[in-house]
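So you can see what is in the structure, the chains are spelled out below.
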Amino acid sequence: MNQTDPQNSEHRKKIVQLLRSHGISPTVQRVKIASTMLLRPQHLSADQVLTLTNQTGRPVSKATVYNSLGLFARKGLIRELFVDPERAFYDSSTHPHHHFYNAVTQEICDIDESAIQINLNATPPPDTEISGIELVVHIRPRK
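Residues numbered from 1 in each chain as written. Predicted model: local features only at pLDDT ≥ 70, side-chain atom pairs only at ≥ 80, totals over all residues. Heavy atoms only, no water.

Enquirer: It is not clear to me how the packing of helix α3 (residues 46–53) against helix α4 (residues 62–74) should be interpreted in this structure. Could you clarify?
Expert: Two quantities define a packed helix pair, namely the angle between the axes and the distance from one axis to the other. Running from amino to carboxyl end, α3 crosses α4 at an angle of 120 degrees, the nearest separation of the two axes being 10 Å. Of the possible angle classes, the one that applies to α3 and α4 is oblique. Crossing of α3 against α4: the hand is right-handed. Here α3 contributes A46, D47, V49 and L50 to the contact with α4, which in turn contributes K62, V65, Y66 and L69. Class assignment of the residues belonging to the contact of α3 with α4 gives a composition of six nonpolar, no polar and two charged. (Axes fitted to C-alpha atoms, helices over the stretch in contact; angles between N-to-C directions. Helix = DSSP H or I, 4+ residues; strand = E, 2+ residues; numbered from the N terminus. Parallel < 35°, antiparallel > 145°, perpendicular 65-115°, else oblique. Left-handed = near helix turned anticlockwise from the far one by under 90°. Contact = heavy atoms within 4.5 Å. Nonpolar A, V, L, I, M, F, W, Y, C, P; charged D, E, K, R; others polar.)

Enquirer: Explain the pattern of salt bridges to me, please; I cannot follow it from the model alone.
Expert: Between side chains of opposite charge, a pair can form when the charged atoms approach closely. Across all of its chains, the model carries four salt bridges by this definition. Here D91 ties to R79 by a salt bridge, and the two come within 3.9 Å at their closest N and O atoms. Taken together, the residues span a long stretch of sequence, with D91 in strand β3 (residues 87–91) and R79 in strand β2 (residues 79–84) at a distance of twelve residues. Grouping residues by exposure puts D91 and R79 together as buried. The residue R79 makes a salt bridge to E134 at a minimum N-O spacing of 2.0 Å. Residue R79 is found in strand β2, and its partner E134 is found in the loop between β5 (107–111) and β6 (136–139); the two are separated by 55 residues along the sequence. Look at R79 and you get buried, because its relative accessible area is 11%. Look at the salt bridges and you will find they share partners, linking R79, D91 and E134 into a network. (Salt bridge = Lys/Arg side-chain N within 4 Å of Asp/Glu carboxyl O. Buried < 20%, exposed > 50% of the residue type's maximum accessible area, 1.4 Å probe, protein only.)

Structural data, given as structure tokens:
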């Protein structure tokens with residue numbers, strides 16, 4: 001990434017504004033991580049974000065990536081997905097939606113919202129209410 005590129009400068013300004021709008025202080029490292037994560041709709045592990053973030057410019061530490069992704073998720077900038085007991089994934093699309101997860105390839109993809117209809121015929125425990133439903137369909141290559 002060329003720092004003098006006007007598109008890069010404009011993109012950086014948008015990322016800084018987005019971070020601030022979510023109550024996140026826009027450090028150089030956070031802007032770089034957010035730029036990677038929010039480039040397009042995607043589902044990435046922290047290690048994938050680390051690799052992509054460090055392809056250009058000054059490297060960002062693994063701890064900074066993990067801490068920043070956790071902060072971004074807590075502040076609602078991204079979603080943290082727990083589809084695998086070994087690792088969390090981060091989703092740049094924050095609206096409620098369903099996923100396919102392939103444990104063999106460790107890939108996640110969205111399921112078209114019109115493809116799933118859930119008829120929940122259950123009452124939640126006393127003094128609670130349902131705030132959302134998210135479905136993960138685990139898939140694997142055919143044998």
